[in-house]
Amino acid sequence: MNRRAAAALLSLWLVLSLRANPAQAQAASAPTIKLRVFAGGSGQRPDLTRKLLATYMQRNPGLLIETEAGGASSDLQRQYLSTVLNAKDPAIDVYLIDIVNPAQYFGAGWLEPLDAYLGEAATVLKPYLPAYATSNVIQGKLAAMPAWADAMFIYYRRDLLDKHGVAEPRTWDELAAAAKKIQAVEKQAGQPALQGLSIQGAPIEGAVCTFLLPYWSQGKAFNDANGKLTLDRAVAARGLQQWLTMVDQGVIKKNVAEVKTHDTNNEFKAGQVVFALNWSYAWDRYQQDADSRVKGKVGVMALPAVAGGERVTCLGGWQWAVSAFSRHKAEAAQLVRFMASPEAGKLLAIQGALLPTSAALYTDPDVVQAVPWFKDAAAGVVAGKSRPLSSEYGRVSDIIRTTTSAVLARTRTPEEGAGDIGSRLGRVMR
Amino acid sequence: MTPAPPLTWLDKLRDPSERTLGVLLLAPALLLLALIVVYPIGRLLFNSFYDLRLSGGSGARFVASENYALVLDDTDFWNAAKNTVLITLITVPGALAVGLGLAMLANLPFKRQWPVRLALLLPWALPLSFCGLIFAWFFHTEYGVVNDLLQRLGLADAAEPAMWLLRPGWAFTAICVAIIWKTSSFMALILLAGLQMIPKTLYEAAEVDGASRWQQFSQITVPMLMPSIIVALIFRTITALQTFDIPYTMTRGGPGNSTETLAMLIHKTTIDYLDLGYGSTLAVGMFLLSLCVTAVYLRRVGNAA
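Residues numbered from 1 in each chain as written. Chains lettered and ligands numbered in written order. Predicted model: local features only at pLDDT ≥ 70, side-chain atom pairs only at ≥ 80, totals over all residues.

### Brief notes about the overall build of chain B
Logical step 1: Counting its secondary structure elements, chain B contains 13 helices and two strands.
Logical step 2: Computed over C-alpha atoms, the radius of gyration of chain B comes to 26 Å, more than 25% over the 19 Å expected from 2.2 N^0.38 for 305 residues, which places it beyond the range of a compact globule.
Logical step 3: C-alpha extents for chain B along the principal axes are approximately 100 × 65 × 35 Å.
Logical step 4: A buried classification covers 32% of the 305 residues belonging to chain B.
Logical step 5: Long-range pairs, those at least 24 residues apart, make up 70% of the contacts in chain B with a sequence separation of at least 6. (Helix = DSSP H or I, 4+ residues; strand = E, 2+ residues; numbered from the N terminus. Rg over C-alpha atoms; globule rule 2.2 N^0.38 Å. Buried ≥ 20, exposed ≤ 12 C-beta atoms within 10 Å, placed from the backbone. Contact = placed C-beta atoms within 7 Å.)

Here is the structure:
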């Protein structure tokens, strides 16, 4: 090849690479609008989301909605979305986020406020439970729409409690005593590995609630209305000590700092656990999963209190948000309106046992028939507490869960752990 | 005869000189290189002088060297730096020793060599995060094969299983074991190539002269293998300083932050905390540390060679 030919080839390459991609131009003129929805991991039931989206597509011809699912836990999903949204990628139009995230995403400018599309926040959120109406409004703007609620409950083996004549415990001490009584007999009867209580102690998002539950139950607030930390270190240390005492009593297993939510699920389903602390979605797993050995033997109740304290639960839940980088924000906002509607909430409650975010659905006859325990759950959800709403939630969550896990692994004492959380968060939550 | 019209730039492009053509042909590659190497590093340095907390929503704010002052005071940074250096100091010689053994083994005159070489390649072909997950299972308190073996051998009490990943020292050891397993096959591969370059006649001559096995190893194999060893060590050291996947999947840095490496701290700061400015400063810190270690190391190893 001579020099002339090489130069010609080079210029040809330059010209070709500068021309716009013809495929892109064509797609823009096509009549269908494509939306891409991130629907969370298997715990968030993307199968049900797909059902709802199929209904929506039937009603809105000209709309093509793709679903994307993944991320085993809330923090892994947050990492994935952070990467996509930080790159200002318009690929995802609508995404599902945990209740703790709207403030952070709003602060980062990743979500499109929905007021302009759906109306004023106060009016739009009126039918929803107070906790969800509050956490989706950031600086007066409608940041996201509640999809379904979640709260922690105690699941228990109704058959074992009946067999041993034990009533539903109302305090953690009663729960420990009941568990010990059942464990002692069952261990003789050939169940040596039977756990009294399963809680999550691995450094995952769930461990934030593991820390907060016994703290809140002693009647203390973690933060004030402005998000400033109001931690009482002595109370926090007592709360952590409660779990360690239960480990010493043999009620909670020794390697609790290794336990993730799916460990609790699998071990409860295998019949190795008497009481399990878990989110509301677990009910369906225990009753419906093919590998569950405890079908029809499960009871569910509100969380016990610390002695002399109040019964309180940790709220979770999921919200639909529209990406600030979406190219079809108006269409995406309408989709979100549908996904947060009572119609969608009813399907999720009946088919997935996911707690509704609107109060009316808890007494809906179809819902009550499908999931009878929801009518008792409503009071717990209303009285439940939210984890701190902070634009720095990533940091807040990491500090709490890492420290809690270290205390449960006994590399820090409860006092040291409470001190670490206090001094580190004191600088973040001001 | 009329004078030739002056050459325009288009004419020059149409019939370029050797030199111009060279520049032209190199330009795309250089541009690409600048885009993927110079731009990110430049951007990193630039970001490290800014307060870039996405959660604040206030936009970038120039803070000069404030981030750097914070890094020097940050106990998390020094803890992660210590862990990273320790992992490097333990796993690089560890992988060299195991890798050398494996390479010598694979170099033996087997009838069929491919199964041995394949077995050698497998750990290297496995993604790092899979390796971490596999070893996390191995060391799991209840379901792990390590505790099961120890109990079967009567070395551990079934009622008090060891909680490998929940004790800082043991968790660190478990991570080092996983890293050595994963990386020694890469070492072995490079060393095997080196071993095969050593002429057989040298060993034959040594045998005639009455040299023992050990003498053959220390007088022939090691000196002849030195260039390969140095290459392998340099590669391994650089990757060891960037350790992320295996501790992340095995312990997530726990218990507490006792097994957190620098790469994990940077990931946490940027992706979880969305603090891009401070994360960039930490990355510059890691870059400087890598630079120091590699420089000292190259000097030492270079002198020895």
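Having seen it, we continue.
### Let's talk about the overall build of chain A
Logical step 1: For chain A, the helix and strand inventory stands at 20 helices and ten strands.
Logical step 2: On C-alpha atoms alone, chain A measures out to a radius of gyration of 25 Å, which is about the 22 Å that the 2.2 N^0.38 rule sets for 430 residues.
Logical step 3: Split into buried and exposed, the 430 residues of chain A put 50% on the buried side.
Logical step 4: Looking at chain A alone, contacts between residues at least 24 apart form 72% of all its contacts between residues at least 6 apart.

### Regarding helix α6 (residues 128-138) of chain B
Logical step 1: Turning to α6 of chain B, its buried residues number three or more, namely Cys131, Gly132, Phe135, Ala136 and Phe138 of chain B. Angularly, the buried residues of α6 of chain B cover 155 degrees about the axis, an arc narrow enough to put them on a single face. (Arc of directions from axis to C-beta.)

### Here we look at the confidence of the model for chain B
Logical step 1: Confidence in the prediction of chain B, expressed as mean pLDDT, is 88, and 96% of residues score 70 or more.
Logical step 2: Confidence estimates for the predicted assembly give a pTM of 0.84 and an ipTM of 0.82. (pLDDT = per-residue confidence, 0-100.)

### Focus on the domain arrangement of chain A
All names here are of chain A.
Logical step 1: Segmenting chain A into domains produces domain 1 (32-143 + 316-383) and domain 2 (152-314 + 388-428).
Logical step 2: Its C-alpha centre places domain 1 at a distance of 27 Å from the equivalent point of domain 2.
Logical step 3: Tallying the contact residues gives 19 residues for domain 1 and 18 residues for domain 2.
Logical step 4: At the level of elements, α4 (74-86), α5 (102-108) and α18 (374-383) are the ones that each hand at least two residues to the side of domain 1 that touches domain 2.
Logical step 5: Residues that form the side of domain 1 that touches domain 2 fall into these classes: eight nonpolar, ten polar and one charged. (Domains from an automatic or database assignment. Nonpolar A, V, L, I, M, F, W, Y, C, P; charged D, E, K, R; others polar.)

### Observations concerning the packing of helix α4 (residues 75-106) of chain B against helix α10 (residues 213-241) of chain B
Axis angle and axis distance: for two packed helices, these are the angle between their axes and the distance between the axes, and together they describe the pair.
Residue and element names in this part refer to chain B.
Logical step 1: Across the interface, α4 lies against α10 with an axial gap of 9 Å and an inter-helix angle of 150 degrees. Where α4 crosses over α10, the two elements pack in a sense that is right-handed. Between α4, through Thr84, Ile87, Thr88, Thr91, Val92, Ala95 and Leu96, and α10, the contact on the second element is made entirely by Leu233, Arg236, Thr237, Ala240 and Leu241.
Logical step 2: Partitioning the contact of α4 with α10 into residue classes produces seven nonpolar, four polar and one charged. (Axes fitted to C-alpha atoms, helices over the stretch in contact; angles between N-to-C directions. Left-handed = near helix turned anticlockwise from the far one by under 90°.)

### With respect to the interface of chain A and chain B
Many analyses report the size of an interface as the accessible area lost when the parts associate.
Logical step 1: Contacts between chain A and chain B engage 28 residues on the former and 29 residues on the latter.
Logical step 2: Of all the secondary structure elements, the ones that give two or more residues to the side of chain A that touches chain B are α1 (3-18), α4, α5 and α19 (393-408) of chain A.
Logical step 3: Here the element with the most residues in the side of chain A that touches chain B is α19 of chain A; it accounts for six residues.

### Description of helix α8 (residues 168-197) of chain B
Logical step 1: Counted at 1.5 Å a residue, the expected span for α8 of chain B with its 30 residues is 44 Å, and the 43 Å between its end C-alpha atoms agrees.
Logical step 2: At Thr183 of chain B, α8 of chain B shows its maximal kink, close to 30 degrees. (Expected span 1.5 Å × (residues − 1). Bend = angle between axes of the 7 residues up to and from the residue.)

### Brief notes about unusual backbone geometry
Residues and elements named next belong to chain B.
Logical step 1: Cis geometry marks the peptide bond from Gly254 to Pro255; its omega dihedral reads -5 degrees.
Logical step 2: The topology assignment puts Pro255 in the loop between α11 (245-250) and α12 (262-272).
Logical step 3: You will see that Ala64, though not glycine, has its phi angle at about 55 degrees, which is positive.
Logical step 4: Within the fold, Ala64 resides in the loop between β2 (61-62) and α3 (66-73).
Logical step 5: For Arg252, which is not glycine, the phi torsion reads 55 degrees and is therefore positive.

### With respect to the confidence of the model for chain A
Logical step 1: Here chain A averages 90 in pLDDT, and 93% of its residues register 70 or above.
Logical step 2: Taken as a whole, residues 20-29 of chain A scores under 50 in pLDDT and shows one contact with residues more than four places along the chain or in a different chain.

### With respect to the pairing of strand β3 (residues 94-98) of chain A
Residue and element names in this part refer to chain A.
Logical step 1: Among the five residues that make up β3, five are buried, leaving the element largely enclosed by the rest of the structure.
Logical step 2: Across the two faces of β3 the burial is the same, with Val94, Leu96 and Asp98 and Tyr95 and Ile97 all buried.
Logical step 3: As paired strands, β3 and strand β10 (residues 315-322) are joined by five bridges and run antiparallel to one another. Paired with Leu96 across the bridge in β10 is Trp320. (Pairing = 2+ DSSP bridges.)

### Topic: the pairing of strand β8 (residues 273-279) of chain A
Residue and element names in this part refer to chain A.
Logical step 1: Counting buried positions along β8 yields seven of seven residues, so the element is predominantly enclosed.
Logical step 2: Here five bridges tie strand β6 (residues 145-157) to β8, and the two strands are oriented antiparallel to one another. If you follow Tyr156 over to β8, its bridge partner there is Phe275.
Logical step 3: Sheet topology places strand β7 (residues 195-198) next to β8; three bridges connect them, and they run parallel. Paired with Leu197 across the bridge in β8 is Phe275.

### Digging into the nonpolar core
Logical step 1: Among the nonpolar cores identified, the biggest contains 168 residues, and Trp320 and Val336 of chain A are the most heavily contacted of them.
Logical step 2: Element by element, the count of residues in this core is highest for α8 of chain B, at twelve residues.
Logical step 3: In this structure, this core is formed jointly by two domains, domain 1 (32-143 + 316-383) and domain 2 (152-314 + 388-428) of chain A, each of which donates at least three residues.
Logical step 4: Discounting chain neighbours no more than four positions away, the residues touching Val336 of chain A are Val94, Leu114, Met145, Trp320 and Val322 of chain A.
Logical step 5: Leu265, Tyr278, Ala283 and Val284 of chain B belong to the second-largest nonpolar core, a separate cluster that totals 13 residues. (Core = buried A, V, L, I, M, F, W, Y, C linked by C-beta atoms within 7 Å.)

### Regarding the packing of α4 of chain B against α8 of chain B
Residues and elements named next belong to chain B.
Logical step 1: For the pair α4 and α8, the least separation of the axes is 6 Å and the interaxial angle reads 45 degrees. Taken together, the axis directions place α4 and α8 in an arrangement best described as oblique. The element α4 and its partner α8 pack so that their crossing is right-handed. Residues Ile87, Ile90, Thr91, Gly94, Ala95, Leu96, Val98, Gly99, Leu100, Leu102, Ala103 and Ala106 of α4 form the contact with α8, whose participating residues are Cys176, Ile179, Ile180, Thr183, Ser184, Ser185, Met187, Ala188, Leu191, Leu192 and Leu195.
Logical step 2: By residue class, the composition of the contact of α4 with α8 is 17 nonpolar, six polar and no charged. (Parallel < 35°, antiparallel > 145°, perpendicular 65-115°, else oblique.)

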